[in-house]
Amino acid sequence: KNMSEPRSTTVLVEGIPPESQSDEQLKAFFVKMFSAEKVKSAYVVKMTSALRAVIQTKTAAEHSLAEVKAKWEKDGKDPEKRPQVFNYGWDDAINYYEKQIEDLNAKIKEERARIIEASSSVGGVNASAGFVTFHKRSDAQVALRLNF
């Protein structure tokens, strides 16, 4: 009774059949079962392992950049002691990690766009689970008790 919205009005739906694995199909199913006035939104879980991997790589690069900047700061920002990284030869570490982060930001943007584009089709990045949010808590409670 103490849960706030949207937590109190959202239900987890599992076992969505392959032909219904899209946000649109999931919402259409629940609108058919309850009515458009009762269903606020419906989203199928997206498979984002490729995006997660790029984000983890970016996080590691940000950590490395912070480390080399801290080391250089400790060395008094002496240009002769600017950190180096071996990448098919010695490169300036700060420039290397800044460029890597810039490139990874572009990849993250591309992967997010790919997921959004692919999610409009049934299957693909869409998983067999999703979340349906109702306008009223009572409708969510009814949905929780039903087996579809």
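Above: the structure in question.
The rules behind each value
Residues numbered from 1 in each chain as written. Predicted model: local features only at pLDDT ≥ 70, side-chain atom pairs only at ≥ 80, totals over all residues. Heavy atoms only, no water. Core = buried A, V, L, I, M, F, W, Y, C linked by side-chain atoms within 4.5 Å. Buried < 20%, exposed > 50% of the residue type's maximum accessible area, 1.4 Å probe, protein only. Helix = DSSP H or I, 4+ residues; strand = E, 2+ residues; numbered from the N terminus. Contact = heavy atoms within 4.5 Å. Expected span 1.5 Å × (residues − 1). Polar contact = N/O pair within 3.5 Å; in protein donor to acceptor, adjacent residues only side chain to side chain. Phe/Tyr/Trp six-rings, centres within 6.5 Å; stacked < 30°, edge-to-face > 60°. Lys NZ or Arg CZ within 6 Å of the ring centre and 35° of its normal. Pairing = 2+ DSSP bridges.

Q: So what's going on with the nonpolar core? Residues and values would help.
A: Ranked by size, the top nonpolar core spans 15 residues in total, and within it Ala 61, Leu 65, Val 68, Ala 93, Ile 94 and Tyr 97 carry the most contacts. Mapped onto this core, the elements with two or more residues apiece are α2 (49-74) and α3 (93-119). Ranked by the residues each element gives to this core, the list is headed by α3, at seven residues. For Leu 65, the residues in contact, after removing those within four places along its chain, are Ile 94, Tyr 97, Glu 98 and Ile 101. Val 11, Val 132, Ala 140 and Ala 143 belong to the second largest nonpolar core, which has 13 residues in total.

Q: Report on α3, specifying residues and quantitative values.
A: Here α3 spans 38 Å end to end across 27 residues, near enough to the 39 Å set by a 1.5 Å rise per residue. Those residues of α3 not exposed but buried are Ala 93, Ile 94, Tyr 97, Ile 101, Leu 104, Ile 108, Glu 111, Ile 115 and Ser 119. Where α3 begins, the capping side chain belongs to Asp 92, and its oxygen is found 3.0 Å from the backbone nitrogen of Ile 94.

Q: Outline the packing of aromatic side chains, supporting the account with residue identities and numerical values.
A: What the rule picks out here adds up to six aromatic pairs. When the centroid spacing of 5.4 Å and the interplanar angle of 80 degrees are considered together, the rings of Phe 29 and Phe 30 count as edge-to-face. Here Phe 86 and Trp 90 contribute two aromatic rings whose centre-to-centre distance is 5.2 Å and whose plane-to-plane angle is 75 degrees, an arrangement assigned as edge-to-face. Of the aromatic side chains, those joined through ring pairs into one cluster are Phe 29, Phe 30, Phe 34 and Phe 134. A cation sits over an aromatic face here: Arg 82 above Trp 72, 4.5 Å from the ring centre.

Q: Go over the pairing of strand β1 (residues 10-14) with me, naming the residues and quoting the values.
A: Of the two faces of β1, only the one carrying Val 11 and Val 13 is buried; Thr 10, Leu 12 and Glu 14 on the other face are not. For β1 and strand β5 (residues 126-134), the ladder comprises five bridges, and the chain directions are antiparallel. Residue pairing in the sheet places Val 13 in a bridge with Gly 130 of β5.

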